[in-house]
Amino acid sequence: MKVKATSILLAGVLAAALCLGSGRSADAQLRVDVVDGFISPMPIAITDFYSESAQDAKTGKDMAGVISNDLERSGLFRPIDRRAFIQDAASLRNGPRFSDWRLINAQALVQGSTQMQADGRLRVELRLWDVLAEQQMAGLAYFTTPVNWRRVSHIIADVIYKRLTGEEGYFDTRIVYVAESGPQNRRLKRLGIMDQDGENHRFLTDGGSLVLTPRFSPTTQEITYLSYYGDTPRVYLFNLNTGQQEMLGDFPGMTFAPRFSPDGNQVIMSLAENGNTDIYTMDLRTRRVTRLTNHPAIDTSPSYSPDGRQITFNSDRGGSQQIYIMNADGSNVRRISFNEGRYATPVWSPRGDLIAFTRMSGGEFYIGVMEPEGSGERMLTRGFLVEGPTWAPNGRVLSYFKQTPADSKGRLTSKVYTIDLTGYNERELVTPIDASDPAWSPLIP
Amino acid sequence: MGRGALLSALLHVAVTLILVIGLPSFVSPPEIAAPIPVELVDLNQDQKPPEPKKAEPAPKPAPEPEPEPEERVVDAPPPPPAPPVEAPEVSEPEPEPEPEIAETPPEPEPEPLPEPEAEPEPEQVEETPPPKPQRKPMLRIAMPDKPEEPEEAAAPDDALQSIQKNVDKMRRKQMAQAAPSDETTAALAPSQASALAQNEIIRIIQSKMATCWRLEPGARNADDLIVVVRVWLNPNGSVRDVKIIDEGLGQTNRYYQTAAENARRAILRCQPFELPTKRYEIWRDMVLRFDPRQMFGG
């Protein structure tokens, strides 16, 4: 009897102790909800790419400059002034002294080197460091011809951008546009092309005939554009690598050049026939034309979704210019824009989550974005005349052009701009003369 | 056995009687002194943080009777007075019985003066809007000294006044040191005390992280990118280890990886965390959940 009582008592004490003990350990893991932060460009330190030889050292400095410009212009990074750097390039070769970089508040560190190889190629090495976690984030080496250093810089900037933001890069791209000059009633228009940072600019046509709406192929280094031959608009295919031009055909009544499908095999366009404008696709291999819309209203300005399964376009079948989407075969047409004003030039983001457009309301023009179902509409910029949005291949940055009103002498200015999809970081893209109708290339293969 | 049982029974009865009646007293009862009349004066009339104003006009070396009778409150057994932590900010150098404090169970006042006074502190902190400034004295004991300087500047010619001020100073020091007091919070129910301390620790971490957590708003489905991180801290507040707890989106989603790295960078940037050492067992191992939805207005 006594033994039982004692053991029961002991068991009771043990149970109580266990309850208390487990209670305490449950309290031990604190859970904190962090809901407040801030939005600001990431401070990053970009060191000159080191080299043994003086010539390559200059290249290394230029490369760091291009990378720094790219990252800074994206609006997501803030390169730290190199005069603030504590650790010097020589000691950096043995590894970063992270405390030195933390001291100047760098969160990432870009280190590189260039070395001329025996076969005349340049070897470029990149190391990207996480200063706070004291780890290497990326380590890559590239081999290229020395004259190609600028392109390698953009490629490296893309690697850094992608690793730190999760987005695909967009620095190794080009922008084709219409270069304009002259008074309003006699505008001279030529095709121009440049790197996305404005460098390496050249003209593609001589301005002899009017050129409009250049568009990039997603797969090849080809451009389509409209050119007027007499009064007839013609669609041309221009190969950037070979410089060869090919005429796709006469397309009377066409106002926009065709856009490519994501697989590059089709072009989609709007054609006017018997006074009715509808949307057609043309297979580039067979040249067969398929009609997609059949409606008395004006259906124009089509653009494919990145998966090629849907199309967004502009129609006034509802009474005013609005944005619609439909399946790639022309079925299931539905309207997605409903706010005040008129909507035009819808372009589907390569990321798939947004459609950009031009909107006219209250006498002003806007560039805006909305989700493919029509919700989340946001205006990014406004102006007297601002239109023609085009997406960078990562779907994060937009380009468009702005035109000022003509003065008494008929002079006006037209400039191309870029902006982040959050609406921040609007920047002018500097061109030799006036510019309009930009089109962004895919990443250069 | 009968004798044993009888003896046991007798003892039981004796114990019961003692319990009921009480032990016989062999000492005469102590004299009860006549109660000292205490005047409770409303402090607000005389209260100024820089007390020298009062002392200077009366440069008498002789101790004066009661220039500030309210100081007597020190001796009388008052209910726990105002939180001393507020003293530097709220400019109430003398703690006084405040109605709010009545909430706390009045503890035996005798020596542990600072302790009962510190008790209502956590509760008070929660009622007032800015808990942060009140926390500072907890960590930097030097703070309460500042309001004392003007007092010391006043020549303590008045001996009583100097005594009062010294006691004040002492009490404030004790209260500041005892602020993160475990002894007082231990006086509350353990779960109550640790819950209060937990809330305070959570607040400290949240406000610190707000200055370190850099967000990426343009990411795809940015408001879905919730990151859960487990953090181990050293006693000095530095980070011992950080681990991202995979919530299923997986390493393949580059946006999630970026968000996770940003969260990790925020934690590393925020160290060392200034948290009460006495409560180390609470914040030694914790889970931080970074949720951007509120920031994106979603």
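Note that this is a predicted model, so its numbers are computed, not measured. Along every chain, residues carry numbers that run from 1 in the direction the sequence is written. By the order in which they are written, chains take letters starting at A while ligands take numbers starting at 1. Under the rules for a predicted model, residues below a pLDDT of 70 receive no local features and side-chain atom pairs below 80 are neither given nor counted, while totals for whole chains, interfaces and linings still include all residues. With hydrogens and water set aside, each side-chain value is computed from the structure's full complement of heavy atoms.

A. Local environment of the overall build of chain A. Only DSSP runs of H or I with at least four residues qualify as helices, and only runs of E with at least two residues qualify as strands; both kinds are numbered from the N terminus onward. The secondary structure content of chain A amounts to five helices and 31 strands. This radius of gyration counts C-alpha atoms alone. The globule rule is 2.2 Å times how many residues there are, raised to the power 0.38. In terms of overall size, chain A is more extended than a compact globule, its C-alpha atoms giving a radius of gyration of 29 Å where 445 residues would be expected to give roughly 22 Å. A principal-axis box enclosing the C-alpha atoms of chain A has dimensions of 110 × 70 × 50 Å. Classification of the 445 residues of chain A by burial places 52% in the buried group. In short, Shrake-Rupley with a 1.4 Å probe defines the accessible areas, and a residue's cover is counted only from the protein chains shown. Carbon together with sulfur atoms contributes 51% to the accessible area of chain A, which is approximately 20,200 Å² in total. When charges are tallied, Lys and Arg are placed among the positive residues and Asp and Glu among the negative ones, while His and the ends of the chain are skipped. Throughout, a charge is located at the NZ atom of Lys, the CZ atom of Arg, the CG atom of Asp or the CD atom of Glu. Treating the 48 positive side-chain charges of chain A as one cloud and the 50 negative ones as another, the clouds have centres 3 Å apart. Only protein chains enter the accessibility calculation, which uses a 1.4 Å probe; a residue is then buried when its area is under 20% of its type maximum, exposed when over 50%, and partly exposed in between.

B. Up close: the side chain of A:Ser303. Counting through the fold element by element, A:Ser303 comes out in strand E19 (residues 299–304). Each residue touching A:Ser303, except ones within four places of it in the same chain, is listed here: A:Arg259, A:Gln310, A:Ile311, A:Thr312, A:Pro346, A:Val347 and A:Trp348. Note on definitions: a residue-residue contact is assigned when non-hydrogen atoms from the two residues lie within 4.5 Å.

C. Representation of the side chain of A:Asp283 within the structure. All names here are of chain A. Looking at the secondary structure, you find Asp 283 in strand E17 (residues 276–283). Polar contact is defined as a pair of N or O atoms within 3.5 Å, subject to the rule that within protein one atom must be able to donate a hydrogen and the other to accept it, and that residues adjacent in sequence are counted only when both atoms are side-chain atoms. At 3.4 Å, the side chain of Asp 283 and the backbone nitrogen of Thr 286 are in polar contact. Filtering out sequence-adjacent residues up to four positions away, Asp 283 remains in contact with Asn 265, Gln 266 and Arg 288.

D. Representation of the packing of helix H2 (residues 54–73) of chain A against helix H5 (residues 149–165) of chain A. Residue and element names in this part refer to chain A. Lines are fitted to the C-alpha atoms to define the axes, a helix being fitted only along its stretch in contact, and any angle between axes, read from their N-to-C directions, falls within 0 to 180 degrees. Direction vectors running N to C along H2 and H5 enclose 45°, while the axes themselves pass 9 Å from each other. Classified by the interaxial angle, the pair formed by H2 and H5 is oblique. Crossing hand, H2 versus H5: right-handed. Across the interface between the two elements, Thr 59, Asp 62, Met 63, Val 66, Ile 67, Asp 70 and Leu 71 from H2 touch Trp 149, Arg 150, Val 152, Ser 153, His 154, Ile 156, Ala 157, Ile 160 and Tyr 161 from H5. Under the convention adopted here, Pro, Cys and the residues Ala, Val, Leu, Ile, Met, Phe, Trp and Tyr are nonpolar, Asp, Glu, Lys and Arg are charged, and Gly plus all remaining residues are polar. Tallied by class, residues from the contact of H2 with H5 come to 10 nonpolar, three polar and three charged. The cut-offs work like this: below 35 degrees is roughly parallel, past 145 is roughly antiparallel, 65 to 115 is roughly perpendicular, and the gaps in between are oblique. Two helices crossing with the near one rotated counterclockwise from the far one by less than a right angle form a left-handed crossing, whereas a clockwise rotation gives a right-handed crossing.

E. Focus on the state of the cysteines. Residues and elements named next belong to chain B. The criterion for a disulfide is a pair of cysteine sulfur atoms lying within 2.5 Å. Applying the stated criterion across every chain, the model contains one disulfide over all chains. Disulfide pairing places Cys 212 opposite Cys 270 at an S-S distance of 2.2 Å. Across the S-S bond of Cys 212 and Cys 270 the torsion is about 100°, and the bridge reads as right-handed. One end of the pair, Cys 212, is in the loop between helix H10 (190–209) and strand E1 (214–215); the other, Cys 270, is in helix H11 (residues 254–270), and 58 residues separate them in sequence. Neither Cys 212 nor Cys 270 differs from the other in exposure class; each is buried.

F. Quick peek at the sheet that holds strand E13 (residues 232–239) of chain A. Residue and element names in this part refer to chain A. The four strands are arranged E11-E12-E13-E14 in an open sheet whose pairing can be described as antiparallel. Two strands bound the open sheet, and with one partner strand each, they are strand E11 (211–216) and strand E14 (245–250). Between one strand axis and the next, the sheet turns through 25° on average, direction left out of account. Any two strands are treated as partners once DSSP identifies two or more bridges connecting them. The sheet contact formed by E11 and strand E12 (residues 222–229) spans four bridges and is antiparallel. When the bridges of E12 are listed, Leu 212 appears paired with Leu 226.

G. Main features of the interface of chain A and chain B. With 36 residues of chain A in contact, the opposing surface of chain B contributes 41 residues. Summed over both partners, the accessible surface that disappears when two parts come together, traced with a 1.4 Å probe, is what is meant by buried area. Summing the contributions of chain A and of chain B, the shared interface buries around 3,600 Å²; its carbon and sulfur component is 51%. Together, A:Leu30, A:Val34 and A:Phe38 form the three largest contributors to the area buried by chain A at its contact with chain B, with a combined 20%. For this analysis, a salt bridge means a side-chain nitrogen from Lys or Arg found within 4 Å of a carboxyl oxygen belonging to Asp or Glu. For the pair chain A and chain B, the interface holds six salt bridges. A:Asp33 is paired through a salt bridge with B:Arg289; the nearest N and O atoms lie 3.9 Å apart. There are 17 residue pairs in polar contact (both at pLDDT 80 or more) connecting chain A and chain B. Only helix H1 (2–28), strand E1 (30–34), strand E2 (38–39), strand E7 (135–144) and H5 of chain A provide two or more residues apiece to the side of chain A that touches chain B. In terms of residue count, E1(A) provides more of the side of chain A that touches chain B than any other element does, five residues in total.

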